[in-house]
Amino acid sequence: MGRVGRRVRPRPLDPALARLLPPASEDDGVAAEVRSLTEDAVRSAKGERLRRVWWDLRGRHDEIRVPDERAMAWAGALTDVRLVLAQRLGVQDSADAERLEEVAAASSDEVSRALASLYLALSWLQESLIEAMLAEVPEAPEA
C-alpha cells in the first residue's frame, strides 16, 4: 500500500489516540496512505505543543499568563488533552459534557471524579483563552 521508505500505519488501537489522530478518509486505503505521510509530523507537533505548555506552567503558582505568540499552541494542547479526557470519560456530545459536573461533584469513583474535574477546569481555561484571543481580533470594517 505505502511507497518504498514509508511505513503504513494502522489506525491507533487506543480509542483516545484514535480520537487525536482520526482517519483522513472513510476509505481505509486512502486513510492509511495519508497517515503514512502525515502522522509523524502530527504527533511531533502535538508533543511540541504539550512541551511548550508544560514549560510555560513550570514554576507558576498563582496566575497563568499565556504569551500572545504561544496562544495557538496553548489552544491546540488544551484541545488535545480535552479530547483524551473526553474519550476516557465517554463524552460524545454536549449532554455528556454537561453531566461531568455531577461526576466531578459526586461520583463514587475517585478517578472519574478527578478526570471530570480536570476536564471542566481545562474547558474553563480554554474558553478563557479563546475569549482573550478573540478580543485581540480587529473588527471587520462595516460595508
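In this text the structure is predicted, and so the values were computed from the model without any measurement.

Quick notes on the rules
- Residues numbered from 1 in each chain as written.
- Predicted model: local features only at pLDDT ≥ 70, side-chain atom pairs only at ≥ 80, totals over all residues.
- Heavy atoms only, no water.
- Helix = DSSP H or I, 4+ residues; strand = E, 2+ residues; numbered from the N terminus.
- Rg over C-alpha atoms; globule rule 2.2 N^0.38 Å.
- Buried < 20%, exposed > 50% of the residue type's maximum accessible area, 1.4 Å probe, protein only.
- Areas by Shrake-Rupley, 256 points an atom, 1.4 Å probe, with all protein chains shown as cover.
- Lys, Arg positive; Asp, Glu negative; His and termini not counted.
- Charge placed at Lys NZ, Arg CZ, Asp CG, Glu CD.
- Salt bridge = Lys/Arg side-chain N within 4 Å of Asp/Glu carboxyl O.
- Patch = residues over 30% accessible without salt bridge, like charges linked within 9 Å, V, L, I, M, F, W, Y side chains within 5 Å.
- Axes fitted to C-alpha atoms, helices over the stretch in contact; angles between N-to-C directions.
- Parallel < 35°, antiparallel > 145°, perpendicular 65-115°, else oblique.
- Left-handed = near helix turned anticlockwise from the far one by under 90°.
- Contact = heavy atoms within 4.5 Å.
- Nonpolar A, V, L, I, M, F, W, Y, C, P; charged D, E, K, R; others polar.

With that out of the way, let us pick up the overall build of the protein. What the protein contains, in helices and strands, is five helices and zero strands. Mapped from its N terminus to its C terminus, the protein presents α and β elements in the order α-α-α-α-α. Taken against the 2.2 N^0.38 rule, which gives 15 Å for 143 residues, the C-alpha radius of gyration of the protein at 18 Å runs more than 25% over that of a compact globule. Along the first, second and third principal axes, the C-alpha atoms of the protein reach 50 × 50 × 40 Å. The buried share of the protein, reckoned over its 143 residues, is 29%. Counting every atom, the protein has about 10200 Å² of accessible surface; 55% of that belongs to carbon and sulfur. Considering the protein, the positive charge centre built from 20 side chains and the negative charge centre built from 26 side chains are found 10 Å apart.

Here the focus is the pattern of salt bridges. Enumeration over the complete set of coordinates arrives at ten salt bridges. As a salt-bridge pair, aspartate 14 and arginine 88 come within 3.0 Å of each other at their nearest N and O atoms. Within this pair, whereas aspartate 14 is found in the segment before helix H1 (15-20), its partner arginine 88 is found in helix H3 (residues 71-89), the two being separated by 74 residues in sequence. According to the relative accessible area criterion, aspartate 14 is partly exposed, its value standing at 32%. Since its relative accessible area comes to 47%, arginine 88 is described here as partly exposed. Ionic pairing is found between aspartate 80 and lysine 46, a salt bridge with its closest N-O pair at 2.9 Å. Here aspartate 80 is found in helix H3, whereas its partner lysine 46 is found in helix H2 (residues 28-57), with 34 residues between them in sequence. We note that aspartate 80, like lysine 46, is buried. Among the charged side chains, a salt-bridge network with shared partners connects Arg35, Glu39 and Arg43.

This next bit is on a nonpolar patch on the surface. A contiguous nonpolar surface patch, about 270 Å² in accessible area, is contributed by Ile130, Leu134 and Val137. Tracing the backbone shows leucine 134 in helix H5 (residues 110-135). For leucine 134, a relative accessible area of 57% corresponds to the exposed category.

This part takes up the packing of H3 against H5. In contact at an axis separation of 9 Å, H3 and H5 are set at 150° when each is read in the N-to-C sense. Taken together, the axes of H3 and H5 are roughly antiparallel relative to one another. Between H3 and H5 lies a crossing of left-handed hand. Taken together, the residues of H5 that come into contact with H3 (itself represented by Ala71, Met72, Trp74, Ala75, Leu78, Thr79, Val81, Arg82, Leu85, Ala86, Arg88 and Leu89) are Ser112, Leu115, Ala116, Leu118, Tyr119, Leu122, Ser123, Leu125, Gln126, Leu129, Ile130 and Met133. Of the residues belonging to the contact of H3 with H5, the class tally is 18 nonpolar, four polar and two charged.

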